[in-house]
Amino acid sequence: MAVDRPADSAQALVIVPTFNESESIGEVARRLFDAAEDAVDLLVVDDASPDGTAELVRALAGGPHGIHLLERPAKLGLGTAYVTGFQWARERGYRAVVEMDADLSHDPRDVMRLLEGLDDADLVIGSRYVQGGSVENWGPFRRKLSALGNWYARSMLRFPVRDSTSGFRAYRMELLGEEQLRGVSSHGYAFQIEMTRRVFRRGARITEIPITFIERATGQSKMKSRIIVEAILRVTRWGLADRFGRGRSGRTEP
């Protein structure tokens, strides 16, 4: 079920998947529109949260800002939530989309920086691992795991992107047509890596801008061991396919 109205004058859509994010989604929306005002609309893709997330967003959608709700019948995964959101945005004529988490680990004030980066790029990644980027409230194991995962993706897939697992990014809509999204089936971090690989192999322009990632203060982490295993297996398979198949290199900008 969707709370749906025509896209407002905003040219960009911020897509936020949710599952049990009632403690933070209202604050995410408030900070987003404080920073971006009418420059963006917000689409929340909720996977049947039992904590009332959808009801809260439905109430917010009655306010002055462009807030939309797309409800799905079950927990169907991060990757499919974003693909559904991309399709929703394309059908309504948005020119750009932003991916952002619902737990305030991504600062909504950085959304406009991501969108401004699209003046010179096709994909702008909010990066923890370029100069000026950082992570707060992670322990040593989580830091090493993330750094190793990004190193492995960069090495296997042969792109110079330093934070391909980042879920805070902006795309030009031209990259997200039906043909470009066909076959995307990854979840979690693997989805972000897969999309980075697809953009790179098309020869599109990728840039990374520094962000500060802050570990969630409320709710429960969605990090699961199966997400890590999926990413390792898929990156290995893609890397071997790129080496022994016909690949195409793209361009990145610092």
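As a starting point, this report considers the structure included with it.

Basis of the calculations
Residues numbered from 1 in each chain as written. Predicted model: local features only at pLDDT ≥ 70, side-chain atom pairs only at ≥ 80, totals over all residues. Heavy atoms only, no water. Helix = DSSP H or I, 4+ residues; strand = E, 2+ residues; numbered from the N terminus. Buried < 20%, exposed > 50% of the residue type's maximum accessible area, 1.4 Å probe, protein only. Contact = heavy atoms within 4.5 Å. Areas by Shrake-Rupley, 256 points an atom, 1.4 Å probe, with all protein chains shown as cover. Phe/Tyr/Trp six-rings, centres within 6.5 Å; stacked < 30°, edge-to-face > 60°. Lys NZ or Arg CZ within 6 Å of the ring centre and 35° of its normal. Pairing = 2+ DSSP bridges. Expected span 1.5 Å × (residues − 1).

Scanning the chain for helices and strands turns up 8 helices and 11 strands. Split into buried and exposed, the 254 residues of the chain put 49% on the buried side. A fraction of 82% describes how many contacts in the chain between residues 6 or more apart in sequence connect residues 24 or more apart. For the chain, the exposed area adds up to about 11,900 Å²; of that, 52% sits on carbon and sulfur atoms.

Time to look at the packing of aromatic side chains. As enumerated under the stated definition, the model contains 7 aromatic pairs in all. With 5.3 Å between their ring centres and 55° between their planes, Trp138 and Phe213 make a pair best called tilted. Of this pair, Trp138 sits in the loop between β7 (134-136) and α5 (140-157) while Phe213 sits in strand β10 (residues 212-214), placing them 75 residues apart in sequence. Grouping aromatic residues by their ring pairs yields a cluster made of Tyr82, Phe86, Tyr171 and Phe191. The ring of Phe213 carries the charged tip of Arg128 above its face, separated from the ring centre by 5.4 Å.

Buried residues dominate strand β4 (residues 67-71), accounting for 4 of its 5 residues. Relative to β4, strand β3 (residues 40-46) runs parallel, the two being bridged by 5 bridges. Paired with Leu42 across the two strands is Ile67, which belongs to β4.

To continue, consider α5. Relative to the 26 Å expected for 18 residues at 1.5 Å per residue, α5 spans 26 Å between its end C-alpha atoms, a close match to the ideal helical length. Residues of α5 that are buried include every one of Arg142, Ser146, Asn150, Ala153, Arg154, Met156 and Leu157, and no others. In this structure, the buried side of α5 is in contact with α7 (188-201) and α8 (225-244).

What follows deals with the side chain of Asp110. Examined against the element boundaries, Asp110 turns out to sit in the loop between β5 (96-99) and α4 (111-117). When sequence neighbours within four positions are dropped, the list of residues in contact with Asp110 reads Phe168 and Ile211.

Here we come to unusual backbone geometry. With a phi angle near 60°, Asn20 is a residue other than glycine that sits in the positive phi range. Structurally, the position occupied by Asn20 is in the loop between β2 (12-18) and α1 (25-36). One non-glycine residue with positive phi stands out, namely Ala48, at about 55°.

As a further point, take the pairing of β5. Covered by surrounding structure in β5 are Ala96 and Val98 together with Val97 and Glu99, the residues of both alternating faces. Taken together, the 4 bridges between β2 and β5 define a ladder with parallel strand orientation. If you follow Leu13 over to β5, its bridge partner there is Val97. Pairing of β5 with strand β8 (residues 169-172), which is carried by 4 bridges, proceeds in the antiparallel orientation. From the neighbouring strand, Ala96 faces β8, where its bridge partner is Arg172.

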